[in-house]
Each structure stands twice: as C-alpha cells, then as structure tokens.
Amino acid sequence: MARTVLNHSDISRALTRISHEILESNRGSADLVILGIPTRGTVLARRIAEIIQRIEPDAPVQLAGSLDVTMYRDDLSRTRTRTPSPTDVPVGIDGKTVVLVDDVLFSGRTIRAAFDALNDLGRARAVRLAVLVDRGHRDFPIRADFVGKNLPSATSERINVHLSEIDGAEFVSIEGGEE
Amino acid sequence: MAESYLIRGASLADGTTSDILLDGGIIAEVGTGLSAAGARVVDADGLIALPGLVDLHTHLREPGYEQSETILTGTRAAAAGGFTAVFAMANTAPVADTAGVVEQELALGDAAGYATVQPIGAVTVGLQGERLAELGAMARSRANVRVFSDDGFCVSDALLMRRALEYVKAFDGVIAQHAQDPRLTQGAQMNEGALSGELGLAGWPAVAEEAIIARDVLLAEHVGSRLHICHVSTAGSVDVIRWAKARGIQVTAEVTPHHLLLTEDLISGYDARFKVNPPLRRREDVEAVRAALADGTIDIVATDHAPHPSESKECEWDAAANGMVGLESALSVVHASVVENGLLDWTDVSRVLSQTPARIGRIRGHGEAIAVGAAPEIVLYDPSASRSWGTADLAGRSVNSPYLGRTLPGRVVATFHHGYATVLDGAVLETAEIAAAAREARA
Amino acid sequence: MRHLLSTRDLSRDEAIELLDIAEDMADVQLREVKKLPTLRGRTVVNLFFEDSTRTKVSFEAAAKRLSADVISFSAKGSSVSKGESLKDTAQTLAAIGADAVVIRHGSSGAPLVLAQSGWIDAGVLNAGDGTHEHPTQALLDAFTLRRRIHGSASRGRGLDGVRVTIVGDILHSRVARSNVWLLSTLGAEVNLVAPPTLLPVDLANWPVSVGYDLDDAIDAQPDAVMMLRIQLERMHAAFFPNSREYSRAWGLDDERFARLRADSIVMHPGPMNRGLEISSRAADSPQSSVLEQVANGVSVRMAALYLLLSGEKGE
Ligand SMILES: [Zn+2]
C-alpha cells in the first residue's frame, strides 16, 4: 500500500528552497557546478540549475551536468548488473564548488562512490550534497547540506520518487513496511 | 557337470511363445511345457529370445591400449549388450597383422569366456597402407581369420585394395573397408555442411566416403571378390551400394547404432562424446541409412564400439579422440531407431544383428536360428523396459557413451554363450565364474 | 552476463548495451585519469594458447584500466600447448582464484567447453577460438562503424541499413563469423566476397549475400569494406594459386580503393599484409579505421569485462 508523502507542489517548493539555500551558502552562482547522479538526480540537478538561472540571470549557462557512479560502486557482484549512464560534466571542476544532487539519501554508498568518481575528474574546491528526500539509515558518515524533506522510514519500506520527465507523474510515495 | 538351463515362456522372433532347453552344448529342446528336471529355470515371460548377437566391428584395444579396454572388459560389455561373438578390429599395438597376434587375441577371448572373440586381420602391415600383411598366415592360423580390415584407416591406394580383394579369394575372405578418402578429410572434425561452417570445424565431406565406396565396388566387380563396407553414414553411400547390389556385385554393408539414431546437431555444444569417425551426419542421412537397413541395401548393424579413457573426451573438440562405446546399448538403440517406428521387426533384428554378420564373417556356431540342435547362443530381451542410461549401465572399462542421460527402450535380461549364462537378471556374472564355465564348456 | 562466447548468442539489446558501455569507457580514455576502480580485487586471467600479442595487450590494458589484477598465462611454447590438458590448466586457474578467464585457443569451441565444464567457476571470455568466433573483435568493429557513422549520437543505436562487405578467407576466419552474426543482429546488410574455395560449402543459414567478384562489390558502393588477412599457407593447400593472383582478384588495391565513395570506411582486423589484401594507400588513408579499431578494442573489452564481472553469478 503506497502512501504519497510529497505531491507535485511539495516537490516544486522543496527544489525552489534548495536552490535559494545553495545560492546563499555559495554567496551567489560563481564557480558553481551542479552534478546530478543518474537517473533522477540528473533531472533534479537540471531543475535546480534552471531555478538558479531564473533567480540570477547572470549565472553560468553551463551549470548542470551528470555524474555517473556505476563504475565506482562497491557492490558490483551483490546486485544485478547496472548499466552505466554517460557522465556529462559541462566544465572542468578544478577549483569549483560542486553540488551533488540525488533523489534519495539512504545508506550513503552512492555518494561515497560519487566522491571517488569526482576525484578522478579533478580537484573541486568544495563538494556539497543536495537530496530531495533523506530517509536516514546511513552506513557512512555522510550528511546532506540541502534536504527537500526528512522522511524517517523503516529499512523495510520503499521510497519511490516519480518525476514527470521520467515517470510521467510527479510525487514521492512510501510503501511496504509491515512484514 | 555343466549346468543346463530351461528358458520358460520366451517369445521367439516370429511371435510364438516357447520354452527352450539348453543342455549338452546345444539347444536340446524347443517347445511348450518342457520338463525342468535338473535344469535351472529362467522365467522369460514377456521377454524376446533372439540368437546371440554378433558384432562384426568391435575395438577391444588389447593388446596395447589396455587403459581403454581389454579383451576381458570388452567382452563383458558385449555380454551386457546381448552379444555372444565379437569381431575384434586389428588396430591394436602391436597391430593384428600376424598369425601370432590374432592367435593371442583368440586365446584371451576363450579364457575370458564372455563371448567368442574372432580376430580381424590387418590388410596392410602396421595399417600403413603400403604392403599387404600376411593375410594367408592369419587365415590358416588357429584364429581362422576371414575378415581383413585396416579400420581406422582407409586402404586408399587403389592398387593395394585391388590386390587385397583378389588375394583373399583364396580362402573366402572379405575386405572390410573403412571408406574415407584421406586427402579429402585432412584435419576433418565433423560432417561438412551448414553446421560445420557455423561451428568453424573442418569438414568431413560425404563425398570422401561415397567416392571410395564407388571405387571399391567397381574394383570388387572387376576382380569378382567380396567387399564389406564399414559404418556407412551417408545417403549417397546408400545409393552407390544399392546400385552395386542391383548390378550383382558382392558387396555387404554395415551401419552403426549411432548413425541410426544421432545427428550432427548434437555437436553444437562441442561435447566430444559425440565425436566419432565417420562423423554424425544430417537428419536426411539418418533417414536414408534406416531405410537402407529396412530394404536390405545395408545388411547389418555393427557397433564400432570404440572405448577411450575420459581424458580423451574431456577436452577441446580438436584434441578429442574419435569413437563411442556401443556394445551395451546397441540393441536398445536399434529398438529405438528402427523397431519402434516399424521399419524392422524382431526377425529382421536377429538377421541384422546375428545371422548376417555371422555369415559375412564366416564364423561357425553363431547366428543360427533358435531351433533344436543349434548352438546355445541366446539373448533374452525385455522390450517393455525403459531406462535412462548412466555409467552403471556400461560394463566395459570406458564410459564414452553418447547415450548417458538419454532414455532408451528395452533391456538385455539374460545372455547365454556356449550354453552357460553370462548375464542373468540384467547383471553381468562374475569374471571367475564365467572363466570356470568356459573351461568346463571347452573340456 | 555469465560468459561472452560468441556474438551469435547476443541479442540486439545486449549488443547495444555493450557498445553503449564501451562509449562510456571511451570517454574515460579521454580523461587525465584513465583508470577506474570498478574491478578492484578481481583477478582476470589471460589464457593464450595461441600467440597474439595485439589481442593480449588489448585485454591487459582493458583489465588494468578497470583496476583488476591481471595474470597472463601464455600457454604457447610452455607445457600447456602440448600435453597438458585444458582441464588441468582450468583447474589450476580455479585454484589461483580467477574471476574471469580470457581465452584464446586454436580449437573451435574450446571456450565453450571451458565454460560448460564445471572445472572452473569463472566467467569465460572468448578471445578467439580456432576458426569459430572472435566476439570482441566484431564488437570493436561494430563500435568503430557506429562511431564513424553516428558520431557522438551513437548511444542506443544499431547499424540499421549499413552495408558492409567482408572480403577474404571467410572459411577460416573467426573475425568474419563473429561479424556476420553481430552486424546483422545490429541491422547491417553483410555481403561476403571471396574465392569459392575460401567460403564454407553451405551458407544457407547465414544472414548474408555472397559473391566472388570484388569489383562488383566495390561498384555497389558499400558503406564499409572489411579486408581479412590472408594466410599465405593457404595457397599450399590449393585454396588459390598464388599471392599475385589472389591480390589481383581479391585485394583492395589503389584502383579499387579510388572507386569507393569518399566516406566509405576501410577496415582491417590486423595485422595487415600490405600489398597483398590491402594497399598502403588504402590502409593509411583517412577512410581507414585500422588504428581506431585498435584504440576502440580497449574500450570494448573494458565493457565486456565489466558486464562479465558485475551482477550476481549466473545472471
Ligand atoms: Zn572405421
């Protein structure tokens, strides 16, 4: 039984708030690169970049990109084969502030892999993390700088993020739990 | 005092039911309601009694390749398959190309006692295809050799083949040709056709068999000799032999059980158990050799039982040895391939697996119809049985059977050789017991 | 993917997925840091029963750029080439703890025998078996063609409608077999041109057209011409009279090369016999993809190793 926890406008408000918080903490949009982790992180990164460009019309044109972490994961033979997505970094990251964007923050393994992937691309000045949902249960000492919604959950529950570009609908739901 | 056996209620090949009494080294009585006095009774209800099977083409490997098979283990396999006589091919080490070697094989067979071992002599010295072996000496030896073959190799030199065919007329011999043009089959790995091209395996074209058969039937006609063709495997070979027989040429031919049942597509997984020479062929070829066996163009079934140690088969295809064991499974494979579909009845089976091979090989005391006074060589077969083949069903030293894991009909329940049982209740009897029975039978 | 034994087993989706991953790998090859940590702690054994420096080096580079431990086992010339069985070698590798075995063997089917044997649990990658298949060569050829034709828009695409002519010793060529299956799976039209002696006797099941005349094939203006290496030993077995006659009839000489469209791609799996099956002008022209093929080989083999070693066993 799935229960909707964020609807279309909740998501939209969360992303607007995150965009403002990013600009505030970076003191503007200079030297900013926003990299989404495929697949839904990439969509969210693009949306955040658009919001930032609306707020600051002189923000860099090439603000958003995509960072695939498949080849940096540590669970290669524990799950089914993952097909990597292209990595598309619009500009060099040396000296930049990179904001990583993902849809759900859970164990932290994906983000750990992203640090390694980022490291092989260059030396960022700082790395920040933005997520739409933080559901807890971390395996690594990782925390998000910008969070759309904290959603305490049981490990047996599933969080499903639906975004219109990919799923044709826009909401976040939670399901399962009672076993 | 040798034991006598009363086989109770067996079905004969003609469909009648009868008791059969084996006593005094012959079939003493055939009829219904025979007295069991003093005889051991074998219940043959539902079993078919056939004359003991005769294999014109067996590789026993001794002397020289005892890690694969010996005369003892090979004749155990023969008995398990219902055979009471096997013709032992000459490609041993040393080659059976002298009277000494063939007499040794004969003696080892007699001592083992599971079946008559009739040696085949090599056509050429050392199977080298260069000079004739001492064909006359082997014919006049105690082994009484009448079949000569370089099997494994083709007697490809036309002049040598002509001379061999002519020479053995002196003692009513026959040349059994392994028909394979050596130049056309250099490095050959499987039947040449669509599949060989896809699998990237060097092709063994049908014409390499057919061209040699065509040449040899014409040579046999020219010199008025008997010719036997080993393991016919192609539809084209059948056509050539059919033509030769219509012309009155004295040619006989054999087909193996595996060429009656199996096709080349089994090779797709490169499983070397299916590597054999001549190779497994197309479905059309299997249909043609079945029809030829039914209409008499092909005279007999012979196993080409070819044992190999596991390391010769557990390897890449090119490196694997050619050959399959076949004695134990022959009757079941014939049953599955040509009896179940009605091409042959059980009278035909006794013809192609007993009477005619004995006649071609000029062997006495085998291949006689079950009747009073005939040699006490009998197999009892349960046609209603069915089994999934496993290594436990093999009685020789090697397990390179293509049928492992496959379900085949029928089961040999008992085999009688020289009047004593070599197989009872489906189990091969103990070596010592059989050797003792054989001594007693000879005495 | 449990094993990669032949291109014939690959579906269109699987083939495109592999080529797409190879695109990602090719992107990595453009970075300053060319190495990925993906296969850290995994052991890849290169088991080469036949000499092939080029293929072996390519697989070594691929495995190392994915951070795998690489053990190269050159069987040729050692006890392995004659005598020691595939089974013994496989069991030795299993004892060493190989996760993947890249095998080059002179016998057709040897990789399949190894994969099915139960002697070793590792994934098996066919690096060329006898005259059967050479799947990674075909994949790198397809990758090269796709990049030439679709450029940066290659991802997700096949080779639909692309006309490829393969010329030479089809009978003995594992490269040709793997390309025939893969290119046609990807939608290409494959035409084979060879002397009749160097074609399998029955091609009814092959998704190809066949001709004997190279000039006709050139005049048909194919999108790509793939020249196969001709082994001179073949003339001793009467497959063709001599190299001069072969070259005149089936070589891509300057004159034939000049008749190709300016954007026709000239391919060769290497090593080339210059002046025999291909002229230097053709081989060194901008139309030639010979060096790209080599470079792309590493990316394609990285993708193959990734697919072989990721996912749960048996997937
Ligand atoms: Zn033979």
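Residues numbered from 1 in each chain as written. Chains lettered and ligands numbered in written order. Predicted model: local features only at pLDDT ≥ 70, side-chain atom pairs only at ≥ 80, totals over all residues. Heavy atoms only, no water.

- Under an unreviewed UniProt entry, the name given to chain B is Dihydroorotase, and the source organism is Orlajensenia leifsoniae.
- Here chain B is described in UniProt, under the heading Sequence similarities (unreviewed entry), as follows: "Belongs to the metallo-dependent hydrolases superfamily. DHOase family. Class I DHOase subfamily." (UniProt positions renumbered as here; feature names shortened; annotations may be inferred.)

### Quick look at the overall build of chain A
- A count of helices and strands for chain A gives four helices and eight strands.
- When the helices and strands of chain A are read in sequence order from the N terminus, they spell out β-α-β-α-β-β-α-β-β-β-α-β.
- For 179 residues, the compact-globule formula gives about 16 Å, and the C-alpha radius of gyration of chain A, at 16 Å, lands near that figure.
- Considered along the principal axes of its C-alpha atoms, chain A spans approximately 50 × 40 × 30 Å.
- Every one of the 179 residues in chain A was classed for burial, and the buried ones make up 50%.
- Within chain A, counting contacts between residues at least 6 apart in sequence, those at least 24 apart form 68% of the total. (Helix = DSSP H or I, 4+ residues; strand = E, 2+ residues; numbered from the N terminus. Rg over C-alpha atoms; globule rule 2.2 N^0.38 Å. Buried < 20%, exposed > 50% of the residue type's maximum accessible area, 1.4 Å probe, protein only. Contact = heavy atoms within 4.5 Å.)

### Side note on helix α1 (residues 12-29) of chain C
- Taking 1.5 Å per residue as the helical rise, α1(C) with its 18 residues ought to reach 26 Å, and the 25 Å between its terminal C-alpha atoms agrees with that figure.
- α1(C) sits mainly inside the fold: 13 of its 18 residues count as buried. (Expected span 1.5 Å × (residues − 1).)

### A closer look at the sheet that holds strand β5 (residues 163-167) of chain C
Residue and element names in this part refer to chain C.
- As summarised here, the arrangement of the five strands in space is β7-β6-β5-β8-β9, forming an open sheet in which the pairing is parallel. Of all strands in the sheet, those with a lone pairing partner are β7 (208-211) and β9 (265-267), marking the two edges. Neighbour-to-neighbour, the strand axes of this sheet turn through a mean angle of 20°, independent of strand direction.
- The pairing of strand β6 (residues 189-193) with β7 spans four bridges and is parallel. Its bridge partner being in β7, valine 193 is matched across the sheet by glycine 211.
- Against the sheet, helix α5 (residues 135-150) makes contact with β5, β8 (224-227) and β9, and its axis sits at roughly 165° relative to β9, the strand it touches most.
- With respect to the sheet, helix α6 (residues 174-185) is in contact with β5, β6, β7 and β8, its orientation differing from that of β6 by roughly 155°. (Pairing = 2+ DSSP bridges. Axes fitted to C-alpha atoms, helices over the stretch in contact; angles between N-to-C directions.)

### Some thoughts on the UniProt feature "domain: Dihydroorotase catalytic" (unreviewed entry) in chain B
- Within the UniProt annotation, "domain: Dihydroorotase catalytic" (unreviewed entry) is assigned to residues 48-235 of chain B.
- For residues 48-235 of chain B, the helix share is 35%, the strand share is 18%, and the end-to-end C-alpha distance is 32 Å.

### Quick word on the interface of chain B and chain C
- Tallying the contact residues gives 16 residues for chain B and 22 residues for chain C.
- In this assembly, chain B packs against chain C so that about 1,500 Å² is buried in total across both faces, 52% of it on carbon and sulfur atoms.
- If you sort the residues of chain B by the area they bury against chain C, Glu198(B), Tyr270(B) and Glu316(B) come out on top, with a joint share of 41%.
- Where chain B meets chain C, there are two salt bridges. (Buried area = accessible area lost by both parts, 1.4 Å probe. Salt bridge = Lys/Arg side-chain N within 4 Å of Asp/Glu carboxyl O.)

### Some remarks on the coordination of the zinc ion
All names here are of chain B.
- All of the protein donors around the zinc ion are Asp151 (OD), His178 (ND1) and His231 (NE2); their distances to the metal are 1.8 to 2.3 Å.
- Mapped onto the polypeptide sequence, the residues donating to the zinc ion form the spacing pattern D-x26-H-x52-H. Placement of the pair is aspartate 151 in the loop between β9 (147-148) and α4 (158-167) and histidine 231 in the loop between β13 (227-229) and α7 (235-246), with a sequence separation of 80 residues.
- For aspartate 151, a relative accessible area of 4% puts it in the buried group. (Donors = N, O, S within 2.8 Å, 3.2 Å for Na, K, Ca; no water.)

### Describing the environment of Ile120(B)
Residues and elements named next belong to chain B.
- Along the chain, isoleucine 120 turns up in the loop between β8 (116-119) and α3 (135-140).
- A residue is classified by how much of its surface remains accessible, and isoleucine 120, at 0% relative accessible area, is buried.
- Residues isoleucine 120 and glycine 100 lie 20 residues apart in sequence; the distance between their C-alpha atoms is 13 Å.
- The contacts of isoleucine 120, once residues within four sequence positions are left out, are Leu56, Phe87, Ala88, Met89, Ala90, Ala96, Val102, Val145, Val147, Phe148 and Ser149.

### Concerning unusual backbone geometry
Residues and elements named next belong to chain B.
- The residue after glutamate 62, namely proline 63, is reached through a cis peptide bond having omega 5°.
- Relative to the helices and strands, proline 63 is located in the loop between β6 (53-58) and α1 (71-80).
- The phi dihedral of leucine 127 is positive, around 60°, even though this residue is not glycine.
- Leucine 127 gets classed as buried once you look at its relative accessible area, which sits at 9%.
- Phi is positive for aspartate 425, close to 50°, though the residue is something other than glycine.

### Concerning the pattern of salt bridges
- Under the definition given, this model contains 52 salt bridges over all chains.
- The salt bridge partner of Arg351(B) is Asp348(B), with a shortest N-O separation of 3.1 Å. Taken as a pair, Arg351(B) and Asp348(B) lie in helix α11 (residues 346-360) at a separation of three residues, close to a single helical turn.
- The exposure class of Arg351(B) is partly exposed, given its relative accessible area of 27%.
- One continuous salt-bridge network, built from bridges that share partners, spans Asp215(C), Asp219(C), Asp253(C), Glu255(C), Arg256(C) and Arg259(C).

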